[in-house]
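Chain by chain, the residues:
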Amino acid sequence: MSLAAQAPGGGWVRTVPVADVPAGGALAVDLDEGGVLLIRTRRGRVLAYDIACPHLGARLDAARVGRWHLTCPVHAYRFRVSDGMCVRPRGRRPLRACEVRVLDGVIYVSASEKD
Ligand code: FES
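Because the structure is predicted, anything quoted here is derived from the model rather than measured.

**Here's the deal with the sheet that holds strand 8 (residues 86-88)**
With antiparallel pairing, the four strands of this open sheet are ordered in space as 5-6-7-8. Edge strands, defined here as strands with exactly one partner in the open sheet, are strand 5 (64-65) and strand 8. Where strand 6 (residues 69-71) lies against strand 7 (residues 78-80), three bridges are found, and the strand directions are antiparallel. When the bridges of strand 7 are listed, H69 appears paired with R80.

**Side note on the environment of H69**
Along the chain, H69 turns up in strand 6. Judged by the 15 C-beta atoms lying within 10 Å of it, H69 falls in the partly exposed class. Between the alpha carbons of H69 and D83 there is a distance of 9.9 Å; along the sequence they are 14 residues apart.

**Some details on the nonpolar core**
The nonpolar side chains of a soluble globular protein tend to be buried with one another. Residues V36, L37, L38 and A48 are the most contacted members of the largest nonpolar core, which totals 26 residues. Listing elements by their share of this core, those giving two or more residues are strand 3 (34-40), strand 4 (46-50), strand 9 (97-103) and strand 10 (106-113). With four residues, strand 3 is the single largest residue contributor to this core. Not counting chain neighbours up to four residues away, the residues in contact with V36 comprise T15, V29, L31, A48, Y49, D50, I51, C98 and V109.

Parameters and conventions
Residues numbered from 1 in each chain as written. Predicted model: local features only at pLDDT ≥ 70, side-chain atom pairs only at ≥ 80, totals over all residues. Pairing = 2+ DSSP bridges. Helix = DSSP H or I, 4+ residues; strand = E, 2+ residues; numbered from the N terminus. Buried ≥ 20, exposed ≤ 12 C-beta atoms within 10 Å, placed from the backbone. Core = buried A, V, L, I, M, F, W, Y, C linked by C-beta atoms within 7 Å. Contact = placed C-beta atoms within 7 Å.

This is the structure in structure tokens:
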């Protein structure tokens, strides 16, 4: 079954094989639609966030990604890996999450942002 068939409405963009993203780490990928930061947790969950920090737009290529948090390299805002919520300082705008699908070992992200 094609990805488009699984995700009505389309808008899915092929990125990289899951194996290219280090377990417990991240990989920045530039797409025509904009950059995304792909994260693979140690348990194998794959997440994708817009590459631009929601604070002042710094690219998150050099973000420090830990087990629970991602830290922007510019002003050290800290975001929860699991859902992108800003935890330091609290209550600031969260990371912009993208929908993710893995099909045949390849990561696809939705061109539109997740709610
Ligand atoms: S630009 Fe990321 S914390 Fe300021």
